[in-house]
Amino acid sequence: MRWPLRNQILMPFVAIQAATVVCVTAAAVWFSVAQIENDIDSRLDSVSSTLRTADYPLTVSILEQLRDLSGADFVVIDDREVPKLATLTSTDDSEPIDWSQLQGHMPETRTTINLAGETFIAQRIPWRRGMQNESIFILFDQTEWQAQRRAAIIAPLIVGTILLIVAIAASTFVSRRIGNRIARVQRQVVKIADGDFSPVTPPRTDDELRELAETVNRMAVILDE
């Protein structure tokens, strides 16, 4: 089976470039997603640290101010795991929030909770002030996190796809150019074999193919003489 020299140059070159672009893109996606994960952890840790060191009583107005500053919702539950205060409200008055989803979660552990038709990334921290033994749930909307994650994935994929297309196009152009130059020398040799010893203009690029063309021209002159 005939395998043109152009394809011998193109296929390995494209395969190496494709593998490189795919690896770089995968690494960029992984680092971007890891950065989003770290951002969520940092925000949870920051809000948790603020609440642990707070010496003021928790009220709805204070929780709402914290929500405006952090972008998180808060639910305060007592030792019976019954909600006392919450910044989260139901969008459907006919279907109250199922607060039982808050029960059974270990403190200081990040988890996922479904409340009011939304999915939240949550962390429970203990809140002990005097005789009160309460807990606070910090809730970050997972929709925002997923949107950031999709954006972190899509951007490297778009860049990687564009780079791959450009690499394939450049490789195809180079391989075709080399293949056409080789075919030109081949046609000259065929003409010499048919008795046409007229020389051809060597390529302008000073490389091995130009040297080959000049050698064929010298051979044609000798045969003509």
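Residues numbered from 1 in each chain as written. Predicted model: local features only at pLDDT ≥ 70, side-chain atom pairs only at ≥ 80, totals over all residues. Heavy atoms only, no water.

So, about the overall build of the chain. Helix and strand content of the chain: four helices and five strands. Start at the N end of the chain and walk to the C end: the helices and strands fall as α-α-β-β-β-β-β-α-α. For the chain, the C-alpha radius of gyration of 35 Å lies well beyond 17 Å, the compact-globule estimate for 225 residues. Its C-alpha atoms give the chain principal-axis dimensions of about 115 × 35 × 25 Å. Within the span of the chain, comprising 225 residues, buried residues form 30% of the whole. Taking the contacts inside the chain whose residues are at least 6 apart along the sequence as the reference set, 54% of them involve residues at least 24 apart. Here the chain displays about 14,300 Å² of accessible surface, and carbon together with sulfur accounts for 58% of that area. (Helix = DSSP H or I, 4+ residues; strand = E, 2+ residues; numbered from the N terminus. Rg over C-alpha atoms; globule rule 2.2 N^0.38 Å. Buried < 20%, exposed > 50% of the residue type's maximum accessible area, 1.4 Å probe, protein only. Contact = heavy atoms within 4.5 Å. Areas by Shrake-Rupley, 256 points an atom, 1.4 Å probe, with all protein chains shown as cover.)

The next subject is the side chain of T87. With respect to the helices and strands, the residue T87 is situated in the loop between β2 (83-86) and β3 (110-115). Reaching out from T87, the side chain makes a polar contact with the side chain of D73 at a distance of 2.8 Å. A distance of 2.9 Å separates a polar atom in the side chain of T87 from the backbone nitrogen of F74. If near-sequence neighbours (up to four positions away) are discounted, T87 is found in contact with L63, E64, R67, D73 and F74. (Polar contact = N/O pair within 3.5 Å; in protein donor to acceptor, adjacent residues only side chain to side chain.)

An ideal rise of 1.5 Å per residue puts 24 Å on 17 residues; helix α4 (residues 208-224) measures up with 24 Å between its terminal C-alpha atoms. Residues of α4 that are buried include every one of L209, A213, V216, N217 and A220, and no others. Down the axis of α4, the smallest arc covering the buried residues is 105°, so these residues share one side. In α4, the exposed positions angled more than 90 degrees off the buried face are occupied by E208, R218 and I222. In this structure, the buried side of α4 is in contact with α3 (142-193). (Expected span 1.5 Å × (residues − 1). Arc of directions from axis to C-beta.)

Our focus in this paragraph is the side chain of E134. Position of E134 among the secondary structure elements: in strand β5 (residues 132-141). Judged by its relative accessible area of 7%, E134 is buried. Discounting chain neighbours no more than four positions away, the residues touching E134 are V76, I77, D78, K84, P126 and W127.

Attention now goes to the pattern of salt bridges. Any two side chains of opposite charge can pair if their charged atoms end up close together. One pass over the full model with this rule turns up five salt bridges. Ionic pairing is found between D196 and K191, a salt bridge with its closest N-O pair at 3.9 Å. Using a relative accessible area of 34% as the deciding quantity, one classes K191 as partly exposed. (Salt bridge = Lys/Arg side-chain N within 4 Å of Asp/Glu carboxyl O.)

A word on the environment of S42. With respect to the secondary-structure elements, S42 resides in helix α1 (residues 5-52). Sequence spacing of S42 and M219 is 177 residues, and the spatial spacing of their C-alpha atoms is 75 Å.

Turning our eyes to something else, we now look at the confidence of the model for the chain. Should pLDDT be low for a region, the predicted coordinates there are not to be read in detail. Averaged over all residues, the pLDDT of the chain is 80; the fraction at 70 or higher stands at 93%. Across the chain, element-level confidence peaks in strand β1 (residues 73-77) with a mean pLDDT of 86 and bottoms out in α1 with 79. (pLDDT = per-residue confidence, 0-100.)

Next up on the list: the nonpolar core. Soluble globular proteins: nonpolar side chains tend toward being buried together. One finds L51, F74, I136 and I138 to be the most contacted residues of the largest nonpolar core, which totals 20 residues. Ranked by residue count, the leading element in this core is α1, at five residues. Apart from residues no more than four positions distant in its own chain, I136 is found in contact with L51, L58, F74, V75, V76, Q123, R124, I125 and W127. With eleven residues, the next largest nonpolar core counts V75, I77, F137 and L139 among its residues. (Core = buried A, V, L, I, M, F, W, Y, C linked by side-chain atoms within 4.5 Å.)

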